[in-house]
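# Architecture and fold: a report
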Amino acid sequence: MTSLHDLDPQATALIVIDMQRDFCSPGGYAHQAGLDITRMQAVVGQVKTLLVAARAAGLHVFHTREGHLPDLSDCTPAKLARSAAAGAPIGSPGPLGRLLVRGEQGHDFVPELRPLSCEHVIDKPGYGAFHKTTLGALLGAFGIRRLLLCGVTTEVCVHSTLREAIDRGFVCTTVGDATAASQPEHQAPALAMIGVEGGILGGVCSTADAVAALNALPRANREAA
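Treat the numbers as computed from the prediction; the structure is a model and nothing was measured. (Residues numbered from 1 in each chain as written. Predicted model: local features only at pLDDT ≥ 70, side-chain atom pairs only at ≥ 80, totals over all residues. Heavy atoms only, no water.)

Once that is clear, we can look at a nonpolar patch on the surface. On the surface, a cluster of nonpolar side chains totalling about 230 Å² of accessible area is made up of Met193, Val196 and Ile200. Structurally, methionine 193 is set in the loop between helix 8 (184-192) and helix 9 (196-199). When its relative accessible area of 36% is taken as the criterion, methionine 193 is described as partly exposed. (Patch = residues over 30% accessible without salt bridge, like charges linked within 9 Å, V, L, I, M, F, W, Y side chains within 5 Å. Areas by Shrake-Rupley, 256 points an atom, 1.4 Å probe, with all protein chains shown as cover. Salt bridge = Lys/Arg side-chain N within 4 Å of Asp/Glu carboxyl O. Helix = DSSP H or I, 4+ residues; strand = E, 2+ residues; numbered from the N terminus. Buried < 20%, exposed > 50% of the residue type's maximum accessible area, 1.4 Å probe, protein only.)

Here we take up the side chain of glutamine 20. Mapped onto the elements, glutamine 20 comes out in the loop between strand 1 (12-17) and helix 1 (21-24). Given a relative accessible area of 0%, glutamine 20 falls into the buried group. Excluding anything up to four places from it in sequence, glutamine 20 contacts Thr64, Arg65, Glu66, Leu100, Gly106, His107, Asp108, Phe109 and Val110. (Contact = heavy atoms within 4.5 Å.)

Turning our attention to helix 7 (residues 154-167). Here helix 7 is 14 residues long and its end C-alpha atoms lie 18 Å apart, about the 20 Å a rise of 1.5 Å per residue gives. Remark: the principal bend of helix 7, roughly 25 degrees, maps to serine 160. Listed as buried for helix 7 are Thr154, Cys157, Val158, His159, Thr161, Leu162 and Ala165. Positive phi appears at glycine 169, one or two residues downstream of helix 7, with a value of about 95 degrees. (Expected span 1.5 Å × (residues − 1). Bend = angle between axes of the 7 residues up to and from the residue.)

A few words now on the pattern of salt bridges. It is possible for side chains bearing opposite charge to pair when their charged atoms get close. Evaluated as defined, the whole model comprises 11 salt bridges. A salt bridge links arginine 146 to aspartate 6; its shortest N-O distance comes to 2.8 Å. A residue pair is termed long-range when its members are at least 10 positions apart, and arginine 146 in strand 4 (residues 146-152) and aspartate 6 in the segment before strand 1 qualify at 140 residues. The class of arginine 146 is buried, set by a relative accessible area of 9%. Owing to a relative accessible area of 47%, aspartate 6 belongs among the partly exposed residues under this scheme. The salt bridge involving glutamate 66 is made with lysine 124; its shortest N-O contact spans 4.0 Å. Here glutamate 66, found in strand 2 (residues 60-66), pairs with lysine 124, found in strand 3 (residues 120-124); they are 58 residues apart in sequence, far enough to count as distant. For the pair formed by glutamate 66 and lysine 124, the shared burial category is buried. Each of Asp18, Glu66, Lys79 and Lys124 takes part in salt bridges that share partners, so that together they form one network.

Here we take up the pairing of strand 5 (residues 171-180). Where burial is concerned, most of strand 5 is hidden: 8 out of the 10 residues are buried. In terms of strand pairing, strand 4 meets strand 5 through 6 bridges, oriented parallel. Bridge assignment links leucine 147 to a residue of strand 5, and that residue is cysteine 172. Note that the unit made of strand 4, helix 7 and strand 5 has a crossover that is right-handed. Note: strand 5 against strand 6 (residues 203-205), 3 bridges, orientation parallel. The residue of strand 6 that forms the bridge with threonine 174 is valine 204. (Pairing = 2+ DSSP bridges. Right-handed = clockwise from strand over helix to strand, strands pointing away.)

A complete count under the given rule lists 2 aromatic pairs for this structure. For the pair phenylalanine 23 and tyrosine 29, a centre-to-centre distance of 6.2 Å together with 85 degrees between the ring planes defines the contact as edge-to-face. We note that phenylalanine 23, like tyrosine 29, is buried. Summarising the aromatic geometry, the rings of phenylalanine 130 and phenylalanine 170 are spaced 6.2 Å apart at their centres and angled 25 degrees between planes, so their arrangement reads as stacked. Of the two residues, phenylalanine 130 sits in the loop between strand 3 and helix 6 (135-141) while phenylalanine 170 sits in the loop between helix 7 and strand 5, which places them 40 residues apart along the sequence. With relative accessibility at 5%, the residue phenylalanine 130 sits in the buried group. The class for phenylalanine 170 is buried, based on a relative accessible area of 12%. (Phe/Tyr/Trp six-rings, centres within 6.5 Å; stacked < 30°, edge-to-face > 60°.)

So this is what it looks like as structure tokens:
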């Protein structure tokens, strides 16, 4: 648990990590790699609840998508080889188009979580949301000091983003039940390690606690969900 009583909506951003069809929908990258996508699908409702509350409170919202240029020039040989070993080579054809390629159907967000026109989409070639993206510059320009993180997968893209955010000096809270690991046995340890050494990687809260804190803030005149 972590305290959310001092949230400043002008200095806080919600980061929604990789809630895209390639990870959450049948025929996408994760499904082709043999992962149980029902785990990712199960948190869509929690993330939607967070989005509604964050929008009403006037937080900046960032949506990340992992994917690569059509020629795969931004995909490292090591990453390409790893995806092939998992049985879902990046760039190979699938029911939702080429796997993890920008512009394909699988690269798009799940319908329930489409960004609003006032929100920010961060397309990233790696696991972390800061690597080779404009996220860090945008957060700095908006004066953001605190992050709420949710999305998939807990042990990879959420953790990669969280760890760099901590190194960059952000105060971070991961909304645990709005994240999902690729395998059930990874979820609890991935969340537990956040709080070691007095919260070395920030804190963990529930969707209910985050929403309660956001709902206690003054309402903002933002575009409706």
